[in-house]
Amino acid sequence: MILWNLFIAFAKVGLLGYGGGLAIVRLIYDSVQPFIDMTPEEFANIVAIAQITPGPVSLNTATYVGYESAGLAGAFVASFGVILPTFILVNIVVRMVQKFRNSTVVNGAIE
């Protein structure tokens, strides 16, 4: 059950988080609270570590929280949850661009 909850929590972060990791720090913090009881100072340390490691802040934070909550499976599920919404949205946009590639409006927007 915790794996499903991790997935849903971080899928919401991935779907609703707009503007990058630092813009959605509060959303990530609120999503983390049901899984790990941490102080704002501890969360600030996690964000600082996430900033210096390669990759997006939201993905690094999801991986850390997932690992601390449910081990390796939790890290995978939380990371997958934060990535999946973006993957789906990009696929939809690419398919639409391919479908309407002969449209002058689409070509004008792309070029």
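Residues numbered from 1 in each chain as written. Predicted model: local features only at pLDDT ≥ 70, side-chain atom pairs only at ≥ 80, totals over all residues. Heavy atoms only, no water.

### Here's the deal with the side chain of Asn60
What counts is decided by this rule: Segments assigned H or I by DSSP are reported as helices when at least four residues long, segments assigned E as strands when at least two residues long, and all are numbered from the N terminus. Polar contacts, as counted here, are pairs of nitrogen or oxygen atoms within 3.5 Å of one another; within protein the pair requires one atom able to donate a hydrogen and one able to accept it, and residues that are adjacent in sequence qualify only if both atoms are side-chain atoms. We call two residues in contact when some of their heavy atoms are within 4.5 Å.
Looking at the secondary structure, you find Asn60 in helix 4 (residues 57-99). Separated by 3.5 Å, the side chain of Asn60 and the backbone oxygen of Pro54 make a polar contact. Discounting chain neighbours no more than four positions away, the residues touching Asn60 are Ala50, Thr53, Pro54 and Gly55.

### Regarding helix 1 (residues 2-16)
The following threshold applies: Working rule for helices: expected span equals 1.5 Å times residues minus one. When accessible area is computed with a 1.4 Å probe and restricted to protein chains, residues below 20% of their type maximum are described as buried, those above 50% as exposed, and intermediate ones as partly exposed.
The first and last C-alpha atoms of helix 1 sit 21 Å apart over 15 residues, in line with the 21 Å expected at 1.5 Å per residue. Along helix 1, the residues classified as buried are Leu6, Phe7, Ala9, Phe10, Ala11, Val13 and Gly14. Its buried side turned inward, helix 1 meets helix 2 (25-32) and helix 4.

### What to know about the side chain of Ser31
Tracing the sequence through the fold places Ser31 in helix 2. Judged by its relative accessible area of 11%, Ser31 falls in the buried class. There is a polar contact of 2.9 Å between the side chain of Ser31 and the backbone oxygen of Leu27. Once residues lying within four places of it in the same chain are set aside, the contact partners of Ser31 are Ala9 and Val13.

### Here's the deal with the nonpolar core
The condition that has to hold: We call a set of buried residues a nonpolar core when its members are Ala, Val, Leu, Ile, Met, Phe, Trp, Tyr or Cys and they connect through side-chain atoms within 4.5 Å of each other.
Within the largest apolar cluster, 22 residues are counted, with the highest numbers of intra-cluster contacts made by Leu6, Phe10, Val32, Met38, Phe43 and Val65. The set of elements that each furnish at least two residues to this core consists of helix 1, helix 2, helix 3 (40-52) and helix 4. It is helix 4 that contributes the most residues to this core, 6 residues altogether. With near-sequence residues (within four places) excluded, Met38 lies in contact with Tyr29, Val32, Gln33, Phe43 and Ile46.

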